[in-house]
Amino acid sequence: MRPYILAETNWKALKDERIELAVLPWAATEAHNYHLPYGTDCYEADAIAAAAGEIAWKAGAKIMILPTIPFGVNTGQSDIYLDMNLNPSTQMAIIRDLATVLQRQGIPKLLILNSHGGNDFKAILREIGLAFPEMFFSTCNWFQAMDKPAYFEHMGDHADEMETSLILHLQPHLVGPLEEAGDGAEKKSRIKALREGWAWAERKWSMVTADTGIGNPKASSKEKGERFFTDVTHKVAEFMIDLEKLDLADRYE
């Protein structure tokens, strides 16, 4: 039993405990090229949250890792078979209900550990923050925490070398042969502002990629995944520790 994992701990261990920070991993269920499982984001979220949580707990941080939410915003993938979608308004309702529980039970801080590029919680947390002014809300994207070129040869953002290497490390039995994977080629927008990144429009996934991946996975390896996993979990753990220690009445310096 890991005492910082809510799904594993029990009432005896928790009834006299006082948790300062709840961590909610949020993932997605969607196609990841031909070689990775639909649950890739979930496996990554579970593993990174648990490993970072262990580091933080052993450092004395009173945190609790909540069960991962396995569905995310996949509005741009509505025609990809069995890509499951939660609308942002549904996410708002879920977060509001969970924040109500945390506030009622005296847990003042919530971190959403995001594991899916289609999720964007900033606007939601702005609104939730007005409804729960005594609480502290934050979110982070673990997949943006590190300098990816320091770990991987080929860049991408979905079923790419990073994600493939991670799953080779975490769940190798679920990775299909790399020679069967698509090359993750991405079509770019015809609109210059969108290509430059200072303007945004949702990508129609089936028009952007032929294999549902974006980024070439062919150079992936378990060793690369293990190195990245170790470093990213330590960085996320440091963030958890800092959040847990934060005096909400004295947040800035």
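Please read these numbers as outputs of a predicted model, since none were measured by experiment. (Residues numbered from 1 in each chain as written. Predicted model: local features only at pLDDT ≥ 70, side-chain atom pairs only at ≥ 80, totals over all residues. Heavy atoms only, no water.)

Draft legend 1. Summary view of the pairing of strand β1 (residues 21-26). When you tally the buried positions in β1, you get six out of six residues, the bulk of the element. Residues L21, V23 and P25 line one face of β1 and the alternating positions A22, L24 and W26 line the opposite face, and both faces are buried. Summarising the sheet, β1 and strand β2 (residues 63-65) pair through three bridges and their orientation is parallel. Among the inter-strand pairings, A22 is bridged to a residue of β2, identified as M64. Each parallel crossover has a hand, and the one from β1 via helix α2 (residues 40-58) to β2 is right-handed. Summarising the sheet, β1 and strand β3 (residues 109-114) pair through six bridges and their orientation is parallel. Paired with V23 across the bridge in β3 is L111. (Buried < 20%, exposed > 50% of the residue type's maximum accessible area, 1.4 Å probe, protein only. Helix = DSSP H or I, 4+ residues; strand = E, 2+ residues; numbered from the N terminus. Pairing = 2+ DSSP bridges. Right-handed = clockwise from strand over helix to strand, strands pointing away.)

Draft legend 2. Focus on the packing of aromatic side chains. Inspection of every chain in the model, using the stated rule, returns eight aromatic pairs. With a centroid separation of 6.3 Å and 70° between ring planes, the pair formed by F132 and F137 is classed as edge-to-face. Neither residue differs from the other here; F132 and F137 are each classed as buried. Each residue in the set W142, F143, Y151, F152 and F228 is aromatic and connected to the rest through ring pairs, giving one cluster. (Phe/Tyr/Trp six-rings, centres within 6.5 Å; stacked < 30°, edge-to-face > 60°.)

Draft legend 3. Region of the structure containing the nonpolar core. Among the nonpolar cores identified, the biggest contains 33 residues, and I65, L113, W142, F228, V236 and M240 are the most heavily contacted of them. When contributions to this core are tallied by element, the ones reaching two or more residues are β1, α2, β2, β3, β4 (136-141), α5 (161-170) and α8 (222-245). For this core, the element with the most residues is α8, which contributes eight residues. Beyond its immediate stretch of four places on either side in the chain, W142 contacts E44, I48, L113, N114, S115, M162, L166, F228, V232 and V236. Core analysis: the second largest hydrophobic core is formed by 22 residues, A22, M64, F121 and F132 among them. (Core = buried A, V, L, I, M, F, W, Y, C linked by side-chain atoms within 4.5 Å. Contact = heavy atoms within 4.5 Å.)

Draft legend 4. Local environment of the packing of α5 against α8. Packing of α5 against α8 leaves a shortest axis separation of 7 Å and a crossing angle of 90°. When the axes of α5 and α8 are compared, the pair comes out roughly perpendicular. Judged by residue contacts, E161, M162, S165, L166, L168, H169 and L170 of α5 engage K222, K224, G225, E226, F228 and F229 from α8. When the residues that make up the contact of α5 with α8 are grouped by side-chain class, the tally is six nonpolar, three polar and four charged. (Axes fitted to C-alpha atoms, helices over the stretch in contact; angles between N-to-C directions. Parallel < 35°, antiparallel > 145°, perpendicular 65-115°, else oblique. Nonpolar A, V, L, I, M, F, W, Y, C, P; charged D, E, K, R; others polar.)

Draft legend 5. Looking closely at a nonpolar patch on the surface. On the surface, Y38, F71, Y81, L82 and M84 cluster together into a nonpolar patch covering about 530 Å² of accessible area. Looking at where Y81 falls in the secondary structure, it is placed in the loop between β2 and α3 (88-104). Judged by relative accessible area, Y81 falls into the exposed class, the value being 68%. (Patch = residues over 30% accessible without salt bridge, like charges linked within 9 Å, V, L, I, M, F, W, Y side chains within 5 Å. Areas by Shrake-Rupley, 256 points an atom, 1.4 Å probe, with all protein chains shown as cover. Salt bridge = Lys/Arg side-chain N within 4 Å of Asp/Glu carboxyl O.)

Draft legend 6. Examining the side chain of H32 more closely. Within the secondary structure, H32 is located in the loop between β1 and α2. Among the polar contacts listed, one links the side chain of H32 to the side chain of D41, at a separation of 3.1 Å. (Polar contact = N/O pair within 3.5 Å; in protein donor to acceptor, adjacent residues only side chain to side chain.)

Draft legend 7. Region of interest: α3. End to end, α3 covers 24 Å across 17 residues, agreeing with the expected 24 Å (1.5 Å per residue, within 8%). Where α3 is concerned, the buried positions are Q91, M92, I95, A99 and L102. In a view along the axis of α3, the buried residues occupy a sector of 100°, so they form one face of it. Across from the buried face of α3, at angles greater than 90 degrees, the exposed residues are S89, D97 and R104. On the buried face of α3, the contacting elements are β1, β3, α4 (122-131) and β4. G106 sits one or two positions beyond α3 and adopts a positive phi of about 80°. (Expected span 1.5 Å × (residues − 1). Arc of directions from axis to C-beta.)

Draft legend 8. Fine view of the packing of α2 against α8. Between α2 and α8, the shortest axis-to-axis distance is 8 Å and the interhelical angle comes to 55°. Classified by the angle their axes make, α2 and α8 are oblique. Crossing handedness for the pair α2 and α8: right-handed. Note on element contacts: α8 touches α2 through F229, V232, T233, H234, V236, A237, M240 and I241, opposite A47, I48, A49, A51, A52, G53, I55 and A56. (Left-handed = near helix turned anticlockwise from the far one by under 90°.)

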